[in-house]
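# Residue-level structure breakdown
What follows is each chain in one-letter form.
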Amino acid sequence: MKKIVILVIILIVFLIFSKDQDNLVMVNKLDSIEDNMTVVYFYIPNLSTKNIINYFDDNSNIIGLYPYVNPIYKKKTGDMFYGFNNQSLKKNINNFIKIYKTKLINNNFNSDAIMIEYNGIKIEAVKAYMNKKDIKSFLKKCKNCNYSLTK
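Notes on the structure follow.

Rules and cut-offs
- Residues numbered from 1 in each chain as written.
- Predicted model: local features only at pLDDT ≥ 70, side-chain atom pairs only at ≥ 80, totals over all residues.
- Heavy atoms only, no water.
- Helix = DSSP H or I, 4+ residues; strand = E, 2+ residues; numbered from the N terminus.
- Contact = heavy atoms within 4.5 Å.
- Buried < 20%, exposed > 50% of the residue type's maximum accessible area, 1.4 Å probe, protein only.
- Phe/Tyr/Trp six-rings, centres within 6.5 Å; stacked < 30°, edge-to-face > 60°.
- Lys NZ or Arg CZ within 6 Å of the ring centre and 35° of its normal.
- Pairing = 2+ DSSP bridges.
- Axes fitted to C-alpha atoms, helices over the stretch in contact; angles between N-to-C directions.
- Core = buried A, V, L, I, M, F, W, Y, C linked by side-chain atoms within 4.5 Å.

### Quick notes on the overall build of the chain
Tallying secondary structure elements over the chain gives five helices and five strands in all. Along the chain, helices (α) and strands (β) appear in the sequence α-β-β-α-β-α-α-β-α-β when read from the amino end. Sequence separation of 24 or more characterises 76% of the internal contacts of the chain that already satisfy a separation of 6 or more.

In structure tokens form, the structure reads like this:
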């Protein structure tokens, strides 16, 4: 019995230290980017189509959006990604809303589609193309934002 308890404690300590090392690797990856452009995934708390303009503008190199998909209808709709085209940010957001609402309506989630008008669509991640300097300046503006180099 004592051996099992000791083994569990060692395992917990190992897991705690391994998570700390993952965070260090992420910072080191940012330092190794230099000035080359790279794909970055931003995770911004409470980001939606209603407030995305507060974080990004037409000069941002946004590749696309990963909306939050409600687990209730995730099986029917699947994971979603909306890729941006060369239009303005506002036009891309409006096209994204139309596509998302159409998908909900086609799957008989009409009430959720109507709520989009009021609440917007919650965005899980923003995929962007940036260099090291732009990433650092973005993170200074957005204190509670996180990023990753992989989804």
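What follows picks up the thread again.
### Description of the environment of N46
Take N46: it is sitting in the loop between β1 (38-43) and β2 (62-67). Judged by its relative accessible area of 66%, N46 is exposed. Taking the C-alpha atoms as reference points, N46 and I123, 77 residues apart in sequence, are found 7.8 Å from one another.

### What to know about the packing of aromatic side chains
Counted by the stated rule, this structure contains eight aromatic pairs. Residues Y82 and F84 carry aromatic rings whose centres are separated by 5.8 Å and whose planes lie at 65° to one another, so their mutual orientation is edge-to-face. Each of the two residues, Y82 as well as F84, counts as buried. Seen in terms of ring centroids, F96 and Y100 are 5.9 Å apart; in terms of plane orientation they differ by 55°. Their pairing is tilted. With F96 and Y100 both in helix α3 (residues 89-106) and four residues apart, the pair spans about one turn of that helix. Accessibility classification places F96 together with Y100 in one group, the buried group. These aromatic residues form a ring-pair network of at least three members: Y82, F84, F96 and Y100. Lying across the ring of Y68, K122 places its NZ or CZ 5.1 Å from the centre.

### As for the sheet that holds β1
Strand order in the open sheet formed by five strands is β3-β2-β4-β1-β5, and the pairing between neighbours is antiparallel. With one partner strand each, in any of the chains shown, β3 (82-83) and β5 (146-148) form the two edges of the open sheet. Both β2 and β3 contribute to a ladder of two bridges, which runs antiparallel. Looking at the pairing, L65 lines up with Y82 of β3. Running at roughly 30° to β2, α3 makes contact with β2 and β3 of the sheet. Helix α5 (residues 132-141) contacts β1, β4 (123-130) and β5 of the sheet and is inclined by roughly 10° relative to β1.

### Concerning the nonpolar core
By size, the foremost hydrophobic cluster in this structure holds 32 residues, and its most contacted members are F42, I44, I52, F56, L65, Y100 and V126. No other element matches α3, which puts six residues into this core. If near-sequence neighbours (up to four positions away) are discounted, F42 is found in contact with F56, E124, A125, V126, A128, M130, F138, L139, N146 and Y147.

### So, unusual backbone geometry
Most peptide bonds adopt trans geometry, and most residues besides glycine take a negative phi value. Backbone geometry at N46 places phi at a positive 60°, although glycine is not the residue there. The phi torsion at N108 lies on the positive side, around 65°, for a residue other than glycine. Following the sequence through the fold, N108 ends up in the loop between α3 and α4 (110-119). Using a relative accessible area of 62% as the deciding quantity, one classes N108 as exposed.

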